[in-house]
Amino acid sequence: MESLLAAAHLQPVAFSPAPLSSSTSSSRSSSVVRGACRGSHAVRCAYAKDAILYALEHDEMFNSDEVIQWESGKNINTIAAAQGISIRRRCRPRYPSEGTGDDKAVPRHILEQIVWDKEVEVSQRKAKKPLRDVMESSEHAPPVRDFIGALTTAYVRNSVPALIAEIKKASPSRGVLRENFNPVEIAQAYEENGAACISILTDERHFQGSYEHLETVRNSGVKLPILCKEFIIDSWQIYYARSKGADAILLIAAVLPDLDLKYMVRVCNNLGMTALVEVHDERELDRVLKIDGVKLIGINNRNLETFVVDTLNTRMLMEKRGDDIREKGILVVGESGLFTAEDVAYVHRAGVSSILVGESLMKAEDPGRAIAGLFGKELLH
Ligand SMILES: O=P(O)(O)OC[C@@H](O)[C@@H](O)c1c[nH]c2ccccc12
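As the structure is a computational prediction, the values presented were derived from the model and not from experiment. Per chain, the residues get numbers from 1 upward, laid out in the order the sequence is written. Given that this is a predicted model, residues contribute local features only at a pLDDT of at least 70 and side-chain atom pairs are listed and counted only at 80 or more, while totals for whole chains, interfaces and linings are drawn from all residues. In computing side-chain properties, one takes all heavy atoms of the structure into account and sets aside hydrogens as well as water.

### Let's talk about the packing of helix α14 (residues 312–327) against helix α15 (residues 341–350)
- Running from amino to carboxyl end, α14 crosses α15 at an angle of 10 degrees, the nearest separation of the two axes being 8 Å. Between α14 and α15, the angle falls in the class roughly parallel. Where α14 approaches α15, its residues Leu-312, Thr-314, Arg-315 and Met-318 are matched on the opposing element by Tyr-346, Val-347 and Ala-350.
- Classification convention: Asp, Glu, Lys, Arg as charged; Ala, Val, Leu, Ile, Met, Phe, Trp, Tyr, Cys, Pro as nonpolar; all other residues, Gly among them, as polar. Its residues assigned to classes, the contact of α14 with α15 comprises 5 nonpolar, 1 polar and 1 charged. Under this scheme, a helix contributes an axis fitted over its contacting stretch, all axes are lines through C-alpha atoms, and angles between N-to-C directions fall in the 0 to 180 degree range. Secondary structure elements are defined from DSSP: runs of H or I of at least 4 residues count as helices, runs of E of at least 2 residues count as strands, and each element is numbered from the N terminus. Angle categories: roughly parallel below 35 degrees, roughly antiparallel above 145, roughly perpendicular from 65 to 115, and oblique for all the rest. Should any heavy atoms of two residues lie within 4.5 Å, those residues are considered in contact.

### Side note on the environment of Glu-139
- You can see Glu-139 is positioned in helix α7 (residues 131–139).
- Sequence separation between Glu-139 and Arg-242 is 103 residues, and the spatial gap between their C-alpha atoms is 8.5 Å.

### Some words on the packing of aromatic side chains
- Two aromatic rings from Phe, Tyr or Trp, using only the six-membered ring of Trp, form a pair when their centres are within 6.5 Å; if the ring planes differ by under 30 degrees the pair is stacked, by over 60 it is edge-to-face, and anything between is tilted. All chains considered together, the criterion is met by 3 aromatic pairs.
- Residues Trp-236 and Tyr-240 carry aromatic rings whose centres are separated by 4.8 Å and whose planes lie at 15 degrees to one another, so their mutual orientation is stacked. Here Tyr-240 and Trp-236 lie together in helix α11 (residues 235–243), a separation of 4 residues that amounts to about one turn.
- Buried residues are those whose accessible area, probed at 1.4 Å on protein chains only, stays under 20% of the maximum for their type, while exposed residues exceed 50% and partly exposed ones sit between those limits. Accessibility expressed as a relative area gives 11% for Tyr-240, which makes it buried.

### Concerning helix α12 (residues 258–270)
- One less than the residue count of a helix, multiplied by 1.5 Å, gives the span that helix is expected to have. For α12, with 13 residues, the first-to-last C-alpha span of 18 Å sits near the 18 Å given by 1.5 Å per residue.
- For α12, every residue scored as buried is listed here: Asp-260, Leu-261, Tyr-263, Met-264, Val-265, Val-267 and Cys-268.
- Downstream of α12 by a residue or two, Gly-272 has a phi angle that is positive, lying close to 85 degrees.

### Quick notes on empty space enclosed by the protein
- Both cavities and pockets are sets of points on a 1 Å grid over the protein atoms alone; in a cavity a 1.4 Å probe fits but cannot get out, in a pocket the set is open with protein on both sides within 12 Å along at least five of seven lines, and lining residues sit with an atom within 4 Å of a point. Grid points are joined across faces, edges and corners, and a volume is the space filled by probe spheres set on the points. Taken as a whole and assessed by the stated rule, the structure comprises 4 cavities of 30 Å³ or more.
- In this model, the largest cavity occupies a volume close to 380 Å³.
- If you go around the largest cavity, you meet 30 residues; those closest to its centre are Lys-168, Phe-207, Lys-229, Arg-302 and Ser-336.
- Contributing elements (two or more residues each) for the lining of the largest cavity: α6 (110–128), β6 (248–252), β10 (354–357) and α16 (359–362).
- Looking at the lining of the largest cavity, the element that brings in the most residues is α6, giving 3 residues.
- Taken together, the residues that form the lining of the largest cavity break down as 15 nonpolar, 7 polar and 8 charged.

### Side note on the layout of surface pockets
- Of the volumes computed, that of the second largest pocket is approximately 230 Å³.
- Lining the second largest pocket are 20 residues, and of these Ala-254, His-280, Asp-281, Glu-284 and Glu-305 lie nearest its centre.
- Take the lining of the second largest pocket: its biggest share by element is 3 residues, from helix α13 (residues 282–289).
- A breakdown of the residues in the lining of the second largest pocket according to their chemical character gives 7 nonpolar, 6 polar and 7 charged.

### Topic: the environment of Phe-181
- On the secondary structure map, Phe-181 appears in the loop between β3 (175–176) and α9 (183–192).
- Residue Phe-181 is classed as buried on the basis of its relative accessible area of 18%.
- Between the C-alpha atoms of Phe-181 and Asp-310, which are 129 residues apart in sequence, the distance is 28 Å.
- Beyond its immediate chain neighbours, meaning those up to four positions away, Phe-181 contacts Ile-167, Lys-168, Lys-169, Ile-186, His-213 and Met-362.

Structure follows, in structure tokens:
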């Protein structure tokens, strides 16, 4: 404890990533110290000891957004807004001595609602399984499968965009998509019909998904790499997804400020996973193109705040930034609102080499057979 308190005075602490392999006592100490570094200078000094005690007691690691708050003295929502992010974080109290200040706030749209619900969910999950335990479980997970490799091979094999086929029971925009829902049967059908990868929704509250779906599909004998489709707001979730067998994870630029994105991409890469970084507009795409280590970008045709879907979005962004993307060797996934072979050909012409499809497959009587309909031919696998 002495050394922790001493270390807490060696401020400012530059941002450094959290421990990536295991939670040793020294790595734990450093995260605790970073956790202590919050608020204005005065607040920081007054709370340093409290914060360390609190962090030790709760075994909690703080995320980069909190470090930026401390470093800049600005609230995370102010920082995020300056980057064009409209999602406000709920700012729950960290220390017993803090108040929330925005108890009466109401979410402005569905994405903000989802993120706020997610903050509650994640803090409950973390309380049950602290970071060091989840990191340890992730070390015993089944080996990571090569998500990007699977996309590239499928693209070369079929000369049409590689398919990431989604398993999604419901969505906030469309309600329940499929009553007869057996994730393993659907995954097997996707595999038999030439999908390159599988995406599985794990959010329970808004999509009726679960990590159990992911885990059972991963242990079912299906060989395709799996994307964990989540609303990631905390690196804890990445380790958790890995511990359940995920090979790739979604990071949404509309939700995560730059430093969180950078940090989380790095966590994914260090775990051998693929980060699919999702953008919806030019500003988000430009932010993401500045981040080192991004290998896969998803262009979402759906605006997550309004649900409006327009495939023109993929074309427009590829026209504007396609050269830059190709130069960096980044692969692009066209996401959402793809129902017909014409839709797929359209985004293919726009320059994408992979697509992510959920609704049109989930609504089909036979989701496996529906794949051929999407491409106008059977896929080889
Ligand atoms: O069902 P669709 O329109 O084919 O879309 C699939 C996928 O793109 C969509 O589920 C999605 C894209 N980005 C997301 C972020 C969170 C939840 C879901 C999504």
